[in-house]
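Fold and contact review
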Amino acid sequence: MKKLLSLVLILAVVFVFSAATPIKKITSNTSVTTVSSDKAVTEDIAKVTKNVMKARFENMLNNNYVYDTDFESHKLIIENSILALLDKGADGEISQSLVLGFIADMYGLQVNPDAAKYDFAPASEGKFVILPRGYTEYNHTVTDVFEDEGGFTVMSDVLIMTHDGEEYTTTAKTVFVPNMGSSFGYNIISSNIF
């Protein structure tokens with residue numbers, strides 16, 4: 001995903017720079033004048049960069065199931081992160097290393113895997129059990145991105161689809177911080193639904 005976004009950004013920059021080549025204009029007295037479009041190039045690059053960042057944030061939000069006070073509990077972080085990876089599970093279990101890697105990439109956290117061990121549902125070595133339960137799905141559309149000291153605050157409209165079939169739209173406020181060690185390039189450090 002990171003490579004694809006990088007390739008799109010590079011192609012966009014190449015396209016913008018080729019479109020920004022100075023244009024020669026012949027005036028009535030046959031002298032040649034160069035028309036500069038540096039401002040347009042700068043604005044186009046800023047727009048492409050903002051759109052790429054917005055798409056990355058929206059992708060992360062649509063894979064996030066950790067909200068509000070969930071960030072305070074290793075157990076809830078693990079259980080809710082498993083929801084983002086359900087398609088990777090087999091026979092009611094999922095790889096611990098996959099889940100812990102996802103948590104490190106998405107949230108920048110190292111959590112205690114013992115927090116999600118259950119006497120009533122033991123898992124195989126190196127696995128977490130996938131608890132059978134209903135869960136809520138979230139579909140975000142980023143509306144605003146604000147650069148803050150040390151990161152970004154992202155406002156989004158979120159369609160919430162509960163496990164019992166109810167749907168409603170509300171607003172979410174999520175704080176992202178850069179992390180070059182993450183495959184996403186950022187970590188979510190808080191996300192609150194209003």
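This text follows the structure it describes.
Attention in this report is confined to the structure presented alongside it. (Residues numbered from 1 in each chain as written. Predicted model: local features only at pLDDT ≥ 70, side-chain atom pairs only at ≥ 80, totals over all residues. Heavy atoms only, no water.)

**Some details on the pattern of salt bridges**
Put simply, the rule reads: Here, a salt bridge means any side-chain nitrogen of Lys or Arg that lies within 4 Å of a carboxyl oxygen of Asp or Glu. Per-residue accessibility, obtained with a 1.4 Å probe over protein chains only, is compared with the maximum for each type, and a residue is labelled buried under 20%, exposed over 50%, and partly exposed between these values.
Here the structure, examined in full by the defined rule, presents two salt bridges. When the shortest N-O distance is used, the salt bridge between lysine 88 and aspartate 87 registers 3.4 Å. One exposure class covers both lysine 88 and aspartate 87, and it is exposed. Aspartate 114 is paired through a salt bridge with lysine 117; the nearest N and O atoms lie 3.1 Å apart. For lysine 117, a relative accessible area of 53% puts it in the exposed group.

**With respect to helix H3 (residues 74-84)**
Put simply, the test is: Going along the chain from the N terminus, every DSSP run of H or I of four or more residues is numbered as a helix, and every run of E of two or more is numbered as a strand. Whether two residues are in contact is decided by their heavy atoms: any pair within 4.5 Å suffices.
Counting buried residues along H3, eight of its 11 residues qualify, which places the element largely inside the surrounding structure. When we look at burial in H3, the residues that qualify are Ile77, Ile78, Glu79, Asn80, Ser81, Ile82, Leu83 and Ala84. Tucked into the core, H3 has its buried residues touching strand S3 (93-95), helix H4 (96-107) and strand S4 (127-129).

**Details of unusual backbone geometry**
A positive phi angle, close to 50°, is found at aspartate 68, a residue other than glycine. One can find aspartate 68 in the loop between helix H2 (38-61) and H3. For aspartate 91, which is not a glycine, the phi torsion comes out positive at approximately 55°. Inspection of the secondary structure puts aspartate 91 in the loop between H3 and S3. Here aspartate 91 falls in the exposed class, since its relative accessible area comes to 80%.

**Side note on the side chain of glutamine 96**
Spelled out, the test is: Identification of polar contacts relies on pairs of N or O atoms within 3.5 Å, with a donor-acceptor requirement for protein atoms, meaning one able to donate a hydrogen and the other able to accept it, and with residues adjacent in sequence counted only if both atoms are side-chain atoms.
Positionally, glutamine 96 belongs in helix H4. From its side chain, glutamine 96 meets the backbone oxygen of lysine 127 in a polar contact 3.4 Å long. Other than its neighbours up to four places away in sequence, glutamine 96 contacts Pro113, Lys117, Gly126, Lys127 and Phe128.

**Some thoughts on the packing of H3 against H4**
Which entries qualify depends on this criterion: For helices, the fitted line uses only the C-alpha atoms of the stretch in contact; every axis is such a line through C-alpha atoms, and the angle between N-to-C directions lies from 0 to 180 degrees. Note on angle classes: values under 35 degrees are labelled roughly parallel, values over 145 roughly antiparallel, values of 65 to 115 roughly perpendicular, and the remainder oblique.
Between H3 and H4, the least distance of the axes is 10 Å, while the angle of their chain directions is 95°. Relative to H4, the element H3 is oriented roughly perpendicular. On H4, the residues touching Ile77, Ile78, Ser81, Ile82 and Ala84 of H3 are Val99, Phe102, Ile103 and Tyr107.

**Thoughts on the sheet that holds strand S6 (residues 151-161)**
Strand pairs in the sheet, formed through backbone hydrogen bonds, run parallel or antiparallel to each other. What counts, and what does not: Strands pair, by our definition, only if DSSP identifies at least two bridges between them.
If you walk across this open sheet you meet the four strands as S5-S6-S7-S8, and the pairing is antiparallel. The sheet is open, and its two edges are formed by strand S5 (137-148) and strand S8 (186-193), each paired on a single side. Here the average twist between neighbouring strands, direction ignored, is 25°. Where S6 and strand S7 (residues 167-178) come together, 10 bridges link them in antiparallel fashion. By the bridge assignment, phenylalanine 152 is partnered in S7 with phenylalanine 176.

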